[in-house]
Amino acid sequence: SDVVLFRSILYDKVWSKLPFKPEWTSYMRLDMFWSDPESAEIVKQSGARLGSFGIETLHNKAGSKVGKGLGKERILETLHRLKEVWKDEVLTFGFFITGLPDEPEESIIETTEWLAKTNLLYSHYSNPLWVTPPDHKRFVRTLNNISNNYDKFGIRWVDETNWINSQGVTFARASELSAAINSNPRRTVINFSDYPELQKMRFTHQEIVNLRNDPTMPQVRKRIDIIQNKITKKLEKFLQTSV
């Protein structure tokens, strides 16, 4: 196809001819790798080091409800395929959301248990579903689909700060479930943007891989935060003097 031809020309004639080996991290899409399995090898050869995936949920109905229609079976199939091709050369990171419409608490707990033992993801992070309260809508420029139509997604407000979904999961409970996921000791790098920060600190790729089982990770996290704060202060100072 034209897409395959363009991809081949871009990589074979341009990217692979660069006088240095690029390394990069980014958001990626599991559905792309599911529909085009050969792209996994190309992405690896291009110098990718960490890909972040918005998986959100392994519950089929909840995923379909919010536009994530790949489904648990194909999600796991694709992650297995990426692990086979990438091994530890390209790390995989998964974002999850707790409290999605139609997902019961039991399903979230199953995902939590899976994340605690799987080797298909290097790391992960979870947030509770955010839905804009009715009284706050006038202050928000762009609302997500759920905030625009509570009834369609089975969201009901218990009070002005706490919603409940059709399966009985409240915002408060979703927050607790996300905290449980994030407390997993196997969770390491927060997201793909941290990889370059670790490289600045002279970490090799293999050392970053090893952080998954390194008890000093909290200290590493603290060092990253210090560096990021220094960068932020320098930027703020630059902006102040350039005005």
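Our structure is the block above this text.
The present account deals with the structure reproduced in this document. (Residues numbered from 1 in each chain as written. Predicted model: local features only at pLDDT ≥ 70, side-chain atom pairs only at ≥ 80, totals over all residues. Heavy atoms only, no water.)

Glancing now at the overall build of the protein chain. From N to C terminus, the protein chain includes 11 helices and 6 strands. Along the longest, intermediate and shortest principal axes, the C-alpha atoms of the protein chain span 60 × 50 × 40 Å. Here the protein chain holds 243 residues, and the buried ones make up 43% of them. Taking all contacts inside the protein chain whose residues are at least 6 apart in sequence as the whole, residues at least 24 apart take part in 72%. Here the protein chain displays about 14,300 Å² of accessible surface, and carbon together with sulfur accounts for 55% of that area. Of note, the protein chain has its 34 positive side-chain charges centred 6 Å away from the centre of its 30 negative side-chain charges. (Helix = DSSP H or I, 4+ residues; strand = E, 2+ residues; numbered from the N terminus. Buried < 20%, exposed > 50% of the residue type's maximum accessible area, 1.4 Å probe, protein only. Contact = heavy atoms within 4.5 Å. Areas by Shrake-Rupley, 256 points an atom, 1.4 Å probe, with all protein chains shown as cover. Lys, Arg positive; Asp, Glu negative; His and termini not counted. Charge placed at Lys NZ, Arg CZ, Asp CG, Glu CD.)

Moving on to a nonpolar patch on the surface. On the surface, a cluster of nonpolar side chains totalling about 280 Å² of accessible area is made up of W15, L18 and F20. By secondary structure assignment, the location of F20 is in the loop between α1 (2-14) and β1 (24-28). (Patch = residues over 30% accessible without salt bridge, like charges linked within 9 Å, V, L, I, M, F, W, Y side chains within 5 Å. Salt bridge = Lys/Arg side-chain N within 4 Å of Asp/Glu carboxyl O.)

In this approach a probe as big as a water molecule rolls over the atoms, and the regions it shows empty are the leftover space. All told, the structure shown has 2 cavities of 30 Å³ or more when counted by the stated rule. If you add up the space inside the largest cavity, you get close to 50 Å³. Lining the largest cavity we find E56, T57, L58, F96, I97, T98, E103, I108, T111 and I181. Those elements that place two or more of their residues in the lining of the largest cavity are β3 (91-98) and α6 (105-117). Sort the elements by how many residues they give to the lining of the largest cavity and β3 lands first, with 3 residues. One number sums up the size of the second largest cavity: a volume of about 30 Å³. Taken together, L115, T118, L121, Y122, S123, H124, R186, R187 and R212 make up the full set of residues lining the second largest cavity. Looking at the lining of the second largest cavity residue by residue, the class counts come to 3 nonpolar, 3 polar and 3 charged. (1 Å grid on protein atoms, 1.4 Å probe; cavity = no way out; pocket = protein on both sides within 12 Å on 5 of 7 lines; lining within 4 Å. Points joined across faces, edges and corners; volume = space filled by probe spheres on them. Nonpolar A, V, L, I, M, F, W, Y, C, P; charged D, E, K, R; others polar.)

So, about helix α5 (residues 71-86). Taking 1.5 Å per residue, 16 residues should reach 22 Å; α5 reaches 22 Å between its end C-alpha atoms and fits that length. Burial in α5 covers these residues: G71, I75, L76, T78, L79, L82, V85 and W86. (Expected span 1.5 Å × (residues − 1).)

So, on to the packing of α6 against helix α8 (residues 171-182). At a minimum axis separation of 10 Å, α6 and α8 run at an interaxial angle of 10°. Here α6 is positioned roughly parallel relative to α8, judged by the angle of their axes. Where α6 approaches α8, its residues E105, I108, I109, T112 and L115 are matched on the opposing element by R173, L177 and I181. Here the contact of α6 with α8 is built from residues that sort into 5 nonpolar, 1 polar and 2 charged. (Axes fitted to C-alpha atoms, helices over the stretch in contact; angles between N-to-C directions. Parallel < 35°, antiparallel > 145°, perpendicular 65-115°, else oblique.)

What follows covers the sheet that holds β1. Here 4 strands make up an open sheet; going across it, the order is β1-β2-β3-β4 and the pairing parallel. Sheet topology places β1 and β4 (123-128) at the edges, where each strand pairs with a single neighbour. Neighbouring strand axes in the sheet, compared pairwise and without regard to direction, differ in orientation by 20° on average. In this sheet, β3 lies alongside strand β2 (residues 48-56) in parallel orientation, the contact comprising 6 bridges. Along β3, the bridge assignment pairs G54 with F95. Packed onto the sheet, α5 meets β1, β2 and β3 and runs at close to 175° relative to β2. (Pairing = 2+ DSSP bridges.)

Nothing here speaks to function; it is all geometry.
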